[in-house]
Amino acid sequence: MKTVVITGASRGIGAETARLFSKNGYNVVINYNKSEQAAFKLASELENAVAVKADVSTEGGAKFLIDEALRIFGSVDVLVNNAGVSMKKMLCDTTLDDWKRHFEINVESVFLCSKAASEIMVRNKWGRIINVSSMWGIKGGSCEVCYSAAKAAVIGFTKALARELGPSGITVNAVAPGLIDTDMNADLTKEDKEMIIDETPVSRIGTAADVALAILYLASDGASFVTAQVISADGGLI
Ligand code: NAP
């Protein structure tokens, strides 16, 4: 039975990914930072799932998470780097602290968790690392310079690491979601959403399940020839 570690799985895309992997027979490590109740509730509803608290933007947190997965389930086969934060501010209002926070949570967590998990994957000569980027990391979002730059960094990291780890039987890919109906977009008005829907070829907002299914595919044995890719789950918007 394979083990998946999903960072930021207490809510939104991460939580839905945990549900889908559990249904598909994986051991699931649900990482959370602040949403303890939600993470434990989710773990209690799923087969072979545990909730592990760790701030994955810190070296200690990332290492603890991967060590716990190894201790509880004996391996880490799939790592989904999903934890993230976003913010909408004009450049003139963006502070250095905003910038640093976006890079710590959205990028350094990907580096730290991948570093810890890949040690295990290299030993196993098999692994899957799937990083959750964003359409804004490809296109650039107005009033989202920190977020767009951080998500673009995740894509660069993905492509480079895929080349390094390919010979060890490990694939590294990214998904780039479009607008997905989660807490992250709670601030959008009905009009904002309608404008985005108008520009989206499939004429709807995405669901967390739309993204989770792309992640499940990238984790599968059948995706062994797919690496260094960015798969957009954005309804064709980009
Ligand atoms: P969300 O509903 O706001 O959930 C964010 C998750 O990240 C929560 O589970 C949160 O955990 C976790 N998290 C934040 N900081 C953390 C930290 N330091 N350590 C561990 N976990 C942390 O967001 P979402 O919409 O599901 O987004 C998930 C990913 O998809 C993010 O990387 C986001 O950038 C990306 N994305 C989302 C959209 C969208 O439209 N929603 C589009 C493109 C890309 P706690 O609550 O436990 O702290």
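The rules behind the values
- Residues numbered from 1 in each chain as written.
- Predicted model: local features only at pLDDT ≥ 70, side-chain atom pairs only at ≥ 80, totals over all residues.
- Heavy atoms only, no water.
- Near = heavy atom within 4 Å.
- Polar contact = N/O pair within 3.5 Å; in protein donor to acceptor, adjacent residues only side chain to side chain.
- Areas by Shrake-Rupley, 256 points an atom, 1.4 Å probe, with all protein chains shown as cover.
- 1 Å grid on protein atoms, 1.4 Å probe; cavity = no way out; pocket = protein on both sides within 12 Å on 5 of 7 lines; lining within 4 Å.
- Sits in = over half its atoms within 2 Å of the grid points.
- Axes fitted to C-alpha atoms, helices over the stretch in contact; angles between N-to-C directions.
- Helix = DSSP H or I, 4+ residues; strand = E, 2+ residues; numbered from the N terminus.
- Parallel < 35°, antiparallel > 145°, perpendicular 65-115°, else oblique.
- Left-handed = near helix turned anticlockwise from the far one by under 90°.
- Contact = heavy atoms within 4.5 Å.
- Nonpolar A, V, L, I, M, F, W, Y, C, P; charged D, E, K, R; others polar.
- Buried < 20%, exposed > 50% of the residue type's maximum accessible area, 1.4 Å probe, protein only.
- Lys, Arg positive; Asp, Glu negative; His and termini not counted.
- Salt bridge = Lys/Arg side-chain N within 4 Å of Asp/Glu carboxyl O.
- Core = buried A, V, L, I, M, F, W, Y, C linked by side-chain atoms within 4.5 Å.

Engineer: Residue-level account of the site of the ligand, with values.
Structural biologist: S10, S35, N82, Y147 and T182 are the nearest of the 31 residues found near the ligand. A distance of 2.8 Å is found between an oxygen atom of the ligand and a side-chain nitrogen or oxygen belonging to S10. Interatomic distance of 3.5 Å between a backbone N/O atom of A54 and a nitrogen atom of the ligand. Protein contacts shield 95% of the accessible area of the ligand, which totals 900 Å² for the unbound molecule. For the ligand, the cavity whose grid points lie within 2 Å of the majority of its atoms is the largest pocket.

Engineer: How would you sum up the packing of helix α1 (residues 12–23) against helix α8 (residues 208–219)? Please name residues and give values.
Structural biologist: Each pair of packed helices can be summarised by the angle the axes make with each other and by the distance between the axes. Running from amino to carboxyl end, α1 crosses α8 at an angle of 55°, the nearest separation of the two axes being 8 Å. Between α1 and α8, the interaxial angle falls into the category oblique. Judged by the sense of rotation from one axis to the other, the crossing of α1 with α8 is right-handed. Between α1, through G12, I13, E16, T17, L20 and F21, and α8, the contact on the second element is made entirely by A208, A209, V211, A212, L213, I215, L216 and A219. For the contact of α1 with α8, a count of residues per class yields eleven nonpolar, two polar and one charged.

Engineer: I'd like a rundown of unusual backbone geometry, residues and numbers included.
Structural biologist: For S203, which is not glycine, the phi torsion reads 55° and is therefore positive. When you line up the elements, S203 lands in the loop between α7 (190–199) and α8. The backbone of A228 sits at a positive phi, close to 65°, despite the residue not being glycine. Among the secondary structure elements, A228 is positioned in the loop between α8 and β7 (230–233). A relative accessible area of 13% places A228 in the buried class.

Engineer: Report on the side chain of R128, specifying residues and quantitative values.
Structural biologist: Along the polypeptide, R128 turns up in strand β5 (residues 127–132). Despite its burial, R128 remains without a salt bridge, the nearest opposite charge being carried by D221 at 4.6 Å. Looking at R128, its side chain comes within polar contact range of the main-chain oxygen of L218, at 3.4 Å.

Engineer: Describe the nonpolar core, listing the residues and the values that go with them.
Structural biologist: If you look at the biggest cluster of nonpolar residues, it comprises 35 residues, and the most contacted ones within it are F21, V28 and I30. Those elements that provide at least two residues to this core are β1 (3–6), α1, β2 (27–32), α2 (36–45), β3 (49–53), β4 (78–81), β5 and α8. Among the elements that take part in this core, α8 stands out by supplying eight residues, more than any other. Residues in contact with F21, not counting those within four places in the same chain, are V4, Y26, V28, V78, I215, L216 and A219. Counting residues in each nonpolar core, the second largest holds 25 residues, with V76, A117, I129 and V172 among its members.

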